[in-house]
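The lines below spell out each chain.
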Amino acid sequence: MKQFHDLGLASSILRAVVAEGYETPTPIQATVIPAMLASNDILALAQTGTGKTASFVLPLLDRLGHQRPTAKAKSCGALILAPTRELAEQIAVSIRTYGRFTRHSATVVVGGVKPGPQIRALAKGVDIVVATPGRLLDHLGSGALHLNDTDIAVLDEADQMLDLGFTPAIRKILGHIKGARQTVLLSATMPKAIRRLAKEFLRDPLEISVAPASRTIERINQKAVHVDKPGKRQALIDILGGGDVERAIVFTRTKRGADKVNEYLQEAGLVTDAIHGNKSQGQRRRTLASFRSGKVKVLVATDIAARGIDVDDVSHVVNYELPDMPEAYVHRIGRTARAGKSGIAVSLYDKSEQPLLHGIERLIGRKLEAPSSQIAARSQGDDMTPRKRSHKFADDKPSKRRRSKRHARGKPISARSPSTTPPKNGRGKPARRGRSVDRHATL
Ligand code: AMP
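Residues numbered from 1 in each chain as written. Predicted model: local features only at pLDDT ≥ 70, side-chain atom pairs only at ≥ 80, totals over all residues. Heavy atoms only, no water.

### Some words on the overall build of the protein
For the protein, the count of helices and strands is 17 helices and 13 strands. The burial tally for the protein puts 58% of its 443 residues in the buried class. For the protein, contacts bridging at least 24 residues in sequence account for 77% of all contacts bridging at least 6. Of the accessible surface of the protein, which amounts to about 17800 Å², a share of 53% is contributed by carbon and sulfur atoms. (Helix = DSSP H or I, 4+ residues; strand = E, 2+ residues; numbered from the N terminus. Buried < 20%, exposed > 50% of the residue type's maximum accessible area, 1.4 Å probe, protein only. Contact = heavy atoms within 4.5 Å. Areas by Shrake-Rupley, 256 points an atom, 1.4 Å probe, with all protein chains shown as cover.)

### Things to note about the pattern of salt bridges
Here the idea is simple: oppositely charged side chains can pair when their charged atoms come close. For the structure on display, the rule yields 14 salt bridges. A salt bridge links E157 to K52, with the nearest nitrogen and oxygen atoms 3.2 Å apart. Of this pair, E157 sits in the loop between strand 5 (152-155) and helix 7 (158-163) while K52 sits in helix 3 (residues 52-67); the two residues are 105 residues apart in sequence, bridging distant segments of the chain. K52 matches E157 in its accessibility class, with the two residues each being buried. (Salt bridge = Lys/Arg side-chain N within 4 Å of Asp/Glu carboxyl O.)

### Description of helix 8 (residues 167-176)
Along helix 8, the positions that sit buried rather than exposed are T167, A169, I170, I173 and L174. Down the axis, helix 8 shows its buried residues gathered within 155° of arc, on one side only. Elements that come into contact with the buried residues of helix 8 comprise strand 2 (76-81), helix 6 (133-142), strand 5, helix 7 and helix 9 (192-201). (Arc of directions from axis to C-beta.)

### Describing the packing of helix 10 (residues 232-240) against helix 11 (residues 255-267)
At their nearest, the axes of helix 10 and helix 11 sit 11 Å apart, and the two run at 60° to each other. Viewed along their axes, helix 10 and helix 11 adopt a mutual orientation that is oblique. Of the two possible hands of crossing, helix 10 and helix 11 adopt the one that is right-handed. The segment helix 10 lies against helix 11, with R233, Q234, L236, I237 and L240 engaging K260, V261, Y264 and L265. (Axes fitted to C-alpha atoms, helices over the stretch in contact; angles between N-to-C directions. Parallel < 35°, antiparallel > 145°, perpendicular 65-115°, else oblique. Left-handed = near helix turned anticlockwise from the far one by under 90°.)

### Comments concerning the sheet that holds strand 9 (residues 248-251)
Spatial strand order, 8-13-12-9-11-10: 6 strands in an open sheet with parallel pairing. Looking at which strands have only one partner, the edges of the open sheet turn out to be strand 8 (220-226) and strand 10 (272-275). Each strand axis lies, on average, 20° off the axis of its neighbour in the sheet, ignoring direction. Here strand 10 pairs with strand 11 (residues 298-301) via 4 bridges, running parallel. Of the residues in strand 11, the one forming a bridge with D273 is L299. Its contacts with the sheet put helix 10 on strand 9, strand 11, strand 12 (316-319) and strand 13 (343-349), and the angle it makes with strand 13 is roughly 170°. (Pairing = 2+ DSSP bridges.)

### A word on the packing of helix 6 against helix 8
At their nearest, the axes of helix 6 and helix 8 sit 10 Å apart, and the two run at 45° to each other. When the interaxial angle is binned, helix 6 and helix 8 end up oblique. Judged by the sense of rotation from one axis to the other, the crossing of helix 6 with helix 8 is left-handed. When helix 6 is examined against helix 8, the residues P133, L136, L137 and L140 are found in contact with a partner set consisting of A169, K172, I173 and H176.

### Notes on the environment of K297
Its location among the elements puts K297 in the loop between helix 12 (281-293) and strand 11. Measuring from C-alpha to C-alpha, the distance between K297 and V314 comes to 9.1 Å, with 17 residues separating the pair along the chain. Within polar-contact distance, the side chain of K297 engages the backbone oxygen of G294 at 2.7 Å. (Polar contact = N/O pair within 3.5 Å; in protein donor to acceptor, adjacent residues only side chain to side chain.)

### A look at the pairing of strand 6 (residues 182-187)
Counting buried residues in strand 6 gives 6 out of 6 residues, a clear majority hidden from the surface. As judged from the 4 bridges shared by strand 5 and strand 6, these two strands associate in the parallel manner. Opposite A153, over in strand 6, you have T183 as the bridge partner.

Given below as structure tokens:
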């Protein structure tokens, strides 16, 4: 098995890897790191949770270290594109973590916040810009940034960017990079559109795949449960009331749906919050921080808002509604079973969603397990009225209103159930992830 020191990384970067407690490179790291250091263009099929961020951040820092000690005004040495603000911010956190012994500057350029601080950060020139495509195009258009000196471009979660309609923006952005650049494209799925994009912008790419195309992560125990529409809410509460639920993400198809489910769960006494595109960036960051810290145990999310969210110890993903695109299923369930853990994904589907379920099963190449009779039995035929029952989280201080609603039915959800211990890094410390980062700051 390859070790980190076999991969050709500089000692300052290896030190950061050791400090993080990583013992051995993950399969994607063992292949992408040497290939990037050898200046190859790369097309990588890599799902979230496989260590893909370090697979491109570590060699990127290494390459910048050798080639570009300081960036010129309004330019950047490397550009990382991500589909969502949250993912961009998380990548920036990783840059800070893995680059703690190097002196690279990085700036996050995302929408939903004032452009002024970003413009000021870019004016000085930065080594790495982590951006969502829309806001980056604004800065390129206004002249706040140019890409004439950019040598490395990474497109993370490229399939998501395409799904979100960013293809024209990506084409324009890559068109701004004039020199001989190294381009790395990572995607959790490999639809034809990704191959077309790769053909257009990658030069003789090395194709790397650490998981069979479009297969979902093996460690996730996946179930689909047939529930009539009116019974879905109670089925959801039953699932979240299980003693093994440590931290859960519930997916809905629409923003309104997310708000409604969130309200319903709160009325039932659960500590939840919703995250979706209608929330301000500040709200989204606060919600994520509460979820990370464990204050909020259940996050109700739409696909877009949840993309790229890397929170350890998400024990359950519940699809309250199936996604329209089967690929989104792979992304959704990838929020659990991170960093070598296992996880549970339960999909609730009604009759109208059966074709969507079949689409997912075709994509992942397997039938989703039969429903657990318990959930199915409890779920069928329930009405839409919230049941007032106890689902107390260990650190949940119930309000008077909630207390009055509590009945002693259902098992309390403990903040840390014995079956799901926190992820440990190589030295037995909890893995360090999810620190917040000032999105404007030059890191
Ligand atoms: P990613 O797929 O980049 O979102 O990473 C998933 C998780 O794996 C993150 O929490 C990382 O901190 C962790 N991780 C990345 N590389 C390693 C490694 N070599 N050993 C242990 N954990 C890792």
